[in-house]
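# Working through the structure, step by step
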Amino acid sequence: MTINGSTQLFAIAGNPVHHSLSPVMHNTAFQALDYNGVYVPLHIIDIQAGVQGMRHLGFRGASITVPHKEAVLSLADEIDDTAKDIGAANTLVFTSADTGRSKVKAYNTDWIGSNRALEQHIALKGSSALVLGAGGAAKAVAYGLLRAGAEVTVCNRTQSKAEDLARSLRCNWISLQNLQSYTGDILINTTTVGMTPHTDQSPFPGEGLCRFQAVMDIVYAPLETRLLREARKQGCRTVDGLAMLLYQGVEQFRLWTGQEPPVQLMRQALITALPA
């Protein structure tokens, strides 16, 4: 990869970002297609200042991760209809403007990533799914499931947030107290519980996982979280966060470059980059 004055800039913006595998995935795609671009991690605490900085520095695109997926909507000049419906964005596209100040359009590709990851293991239409969490990722995952024809229930540590999410998406919610009584087809963890370095934690009791056919964890560091390890032992089909990361990234690449991404090379780059 040669970086020069014509190199297009892309980034992942969040807090934290040190664990992110998105740089290796997108940089592999750029290199494979001989696209003069570079993708870097940006540890951003103040997302307003971060977006402003990317505008002025001439960035072409950005991935947005926790905790900025909801707040970034107010900073965009234009919001894609799906991102509006979800109430969160994970992708920004910067376009040049006559004023010299880049215009920013916000998208959400997380729901595409989660749906494609799950569809490889279980039919979504007519299924019942429990989504743990109520942040930007939870909104996208729940939206995707609803769009695919699933019945969705959300649960969150802060009950009011679960209620708000259920109201906005017109789905169901349950309290933490009733979590262990829920029975369904799919369980998805969209929280950071179980992420490195807290790998001994799980958002759901292991003995109750037998009530689900498939369990997905969007965490990919580690690749097999405690939740997935216990779900596998209970006989569930397990879906790790790498598949969702890949497919949402594939859609991002199309939005940024207008080119068809090398999916298999991106997948292999992610697998190779995983910590031992």
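Summary of the structure given here. Predicted model, so just to flag it, every value in this text is computed and none were measured. (Residues numbered from 1 in each chain as written. Predicted model: local features only at pLDDT ≥ 70, side-chain atom pairs only at ≥ 80, totals over all residues. Heavy atoms only, no water.)

## Some details on the sheet that holds strand 8 (residues 151-155)
- Across the sheet, six strands lie side by side as 9-8-7-10-11-12; this open sheet has parallel pairing. Each end of this open sheet is capped by a strand with a single partner; those strands are strand 9 (172-173) and strand 12 (237-239).
- On top of the sheet, helix 7 (residues 226-233) reaches strand 10 (186-189), strand 11 (214-217) and strand 12; it is set at about 165° to strand 11, its chief contact. (Pairing = 2+ DSSP bridges. Helix = DSSP H or I, 4+ residues; strand = E, 2+ residues; numbered from the N terminus. Contact = heavy atoms within 4.5 Å. Axes fitted to C-alpha atoms, helices over the stretch in contact; angles between N-to-C directions.)

## What about the packing of aromatic side chains?
- Applying the stated rule across the entire model yields nine aromatic pairs.
- Between Tyr 39 and Trp 256, the aromatic rings sit 6.0 Å apart at their centres with planes inclined by 45°, giving tilted as the arrangement. Of this pair, Tyr 39 sits in strand 2 (residues 37-43) while Trp 256 is found in helix 8 (residues 241-257), placing the two residues 217 residues apart along the sequence. The exposure classification of Tyr 39 matches that of Trp 256, with both residues buried.
- Aromatic pair Tyr 182 and Phe 212: ring centres 6.0 Å apart, planes at 20°, arrangement stacked. Linking Tyr 182 in the loop between strand 9 and strand 10 with Phe 212 in the loop between strand 10 and strand 11, this pair joins segments that are 30 residues apart in sequence. When sorted by exposure, Tyr 182 lands in the same class as Phe 212, which is buried. (Phe/Tyr/Trp six-rings, centres within 6.5 Å; stacked < 30°, edge-to-face > 60°. Buried < 20%, exposed > 50% of the residue type's maximum accessible area, 1.4 Å probe, protein only.)

## Section: the sheet that holds strand 4 (residues 78-79)
- Taken together, six strands build an open sheet; the order of strands is 2-1-3-5-6-4 and the sheet is mixed. Two strands close off the open sheet at either side, each with one partner strand: strand 2 and strand 4.
- Direction of pairing for strand 5 (residues 91-95) relative to strand 6 (residues 103-107): antiparallel, over a ladder of five bridges. Counterpart to Thr 95 in the pairing with strand 6 is Lys 103.

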